[in-house]
Amino acid sequence: MAKMIGVVCVLILVIFGVFLGRYWEGRKYQKADISVSAITARLTQASDLATARLEYRGLIRYEAGEIRFITQKGFTMIYDAHIKAGIDLSKAQVDVSGETITVTLPEAVIQDINIDPDSLEFYDEKIALFNPQNKEDTVTALQAAKEDAEKNAADSDLLTTANEQARRLIQELLVPVTQDSDKEYTLVFRESAAN
């Protein structure tokens, strides 16, 4: 009888072990629902996301002084600018409702304008007798070149391209997060109310 009770106990433990193993195995492969914090964490890792670049060749005219040949000096400068535009993902807002993920993105902005110093070419230099060329003239011309590049970048479709590229990159960035779920999520983009 004791032998029989021992065998029954062993069978109960084996059956319990099999069910417990299946339970833990099922929990191990059960896919998790998507949370706002998981998506937000993934987006903030990218932070300032540069999504579009523009190579721009510009020309500006610099003049200073009023009396020709005496105080009026100037030159024409050709320059190359490298312009980056993108979005700040730390300002993105995420909402998960059912099987819809809504990402509210800030508007793309010009993030950086870099004037290539090796590309500078100077033409039509006017020399003034009492107002010689100096380093400040070049610094002022470079600042004017930066403003010119920013204006022309804003007039181009650079920011539109940056917004479109940001959406594509975010879709790709969220693929691993959405694949870890049993549900099929729909990703919806909205523009920030401040735009």
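Here is a short report on the structure shown in this document. (Residues numbered from 1 in each chain as written. Predicted model: local features only at pLDDT ≥ 70, side-chain atom pairs only at ≥ 80, totals over all residues. Heavy atoms only, no water.)

### Thoughts on the overall build of the protein chain
For clarity, the threshold we go by: For helices the rule is a DSSP run of H or I covering at least 4 residues; for strands it is a run of E covering at least 2, with both sets numbered from the N terminus onward. Under the scheme applied here, a residue whose accessible area is under 20% of the maximum for its type counts as buried, over 50% as exposed, and between as partly exposed, the area being computed with a 1.4 Å probe on protein chains only. We call two residues in contact when some of their heavy atoms are within 4.5 Å. Here the Shrake-Rupley method, with its probe set to 1.4 Å, supplies the accessible areas, and only the displayed protein chains count as covering residues.
When helices and strands are tallied, the protein chain shows four helices and seven strands. Along the protein chain, from the amino end to the carboxyl end, the secondary structure elements read α-α-β-β-β-β-β-β-α-α-β. Within the protein chain, the fraction of its 195 residues that count as buried is 27%. When contacts within the protein chain are restricted to residue pairs at least 6 apart in sequence, long-range pairs at least 24 apart make up 80% of them. For the protein chain, the exposed area adds up to about 13,000 Å²; of that, 55% sits on carbon and sulfur atoms.

### Things to note about the pattern of salt bridges
Filter applied, for reference: Throughout this description, the term salt bridge denotes a Lys or Arg side-chain nitrogen within 4 Å of a carboxyl oxygen of Asp or Glu.
What the rule picks out here adds up to four salt bridges. Here glutamate 121 and arginine 57 are joined by a salt bridge, their closest N and O atoms 2.9 Å apart. Here the residue glutamate 121 occupies a position in strand β6 (residues 121-126), and arginine 57 occupies one in strand β1 (residues 48-64), the gap between them amounting to 64 residues. When its relative accessible area of 46% is taken as the criterion, arginine 57 is described as partly exposed. Glutamate 63 serves as the salt-bridge partner of arginine 61, at 3.5 Å between the closest nitrogen and oxygen. We classify arginine 61 as partly exposed; its relative accessible area is 37%.

### Quick word on the environment of glycine 98
Positionally, glycine 98 belongs in the loop between β3 (93-97) and β4 (100-105). Residue class for glycine 98 comes out exposed when judged on its relative accessible area of 52%. Once the C-alpha coordinates of glycine 98 and tyrosine 185 are considered, the two residues, 87 residues apart in sequence, prove to be 8.4 Å apart.

### Things to note about the pairing of β4
What counts here: A pair of strands is labelled paired if DSSP reports no fewer than 2 bridges between them.
A large share of β4 lies buried, amounting to five of its six residues. Here β3 pairs with β4 via five bridges, running antiparallel. Each bridged residue has a counterpart across the sheet, and for valine 96 the counterpart in β4 is isoleucine 101. Hairpin connection between β3 and β4: a loop of two residues separates the two successive antiparallel strands, and glycine 98 in this loop has a positive phi of roughly 65 degrees. Sheet topology places β4 next to strand β7 (residues 186-191); six bridges connect them, and they run parallel. Looking at the pairing, valine 103 lines up with phenylalanine 189 of β7.

### Considering the sheet that holds β3
For clarity, the cut-off: Every axis in this analysis is a line fitted to C-alpha atoms, fitted for helices over the stretch in contact. Angles between the N-to-C directions lie between 0 and 180 degrees.
The three strands lie next to each other as β3-β4-β7, forming an open sheet whose pairing is mixed. Of all the strands in the sheet, the pair left with one neighbour each is β3 and β7. The sheet shows a mean angle of 20 degrees between the axes of neighbouring strands, direction not considered.

### Some details on the environment of arginine 167
Note that arginine 167 resides in helix α4 (residues 158-179). With 62 residues separating them along the chain, arginine 167 and leucine 105 place their C-alpha atoms 8.7 Å apart. Sequence-distant contacts of arginine 167, defined by excluding residues within four places in its chain, comprise Leu105, Phe189 and Glu191.

### Focus on the packing of aromatic side chains
Heads up, the rule is: Aromatic pairs are defined between Phe, Tyr and Trp rings, using the six-membered ring for Trp, whenever the two ring centres lie within 6.5 Å; interplanar angles under 30 degrees are classed as stacked, those over 60 as edge-to-face, and all others as tilted.
Inspection of every chain in the model, using the stated rule, returns two aromatic pairs. Look at phenylalanine 75 and phenylalanine 122: their rings are 5.2 Å apart centre to centre, the planes differ by 75 degrees, and that puts the pair in the edge-to-face class. Of this pair, phenylalanine 75 sits in strand β2 (residues 73-88) while phenylalanine 122 is found in strand β6, placing the two residues 47 residues apart along the sequence. For phenylalanine 122, a relative accessible area of 33% puts it in the partly exposed group.

### So, the side chain of aspartate 148
For clarity, the threshold we go by: Here a polar contact is taken to be a pair of N or O atoms separated by no more than 3.5 Å, where protein atoms must pair a possible hydrogen donor with a possible acceptor and residues adjacent in sequence count only if both atoms sit in side chains.
By secondary structure assignment, the location of aspartate 148 is in helix α3 (residues 135-155). Side-chain polar atoms of aspartate 148 contact the side chain of tyrosine 79, separated by 2.5 Å.

Note that all results are geometric; they support no functional claim without further evidence.
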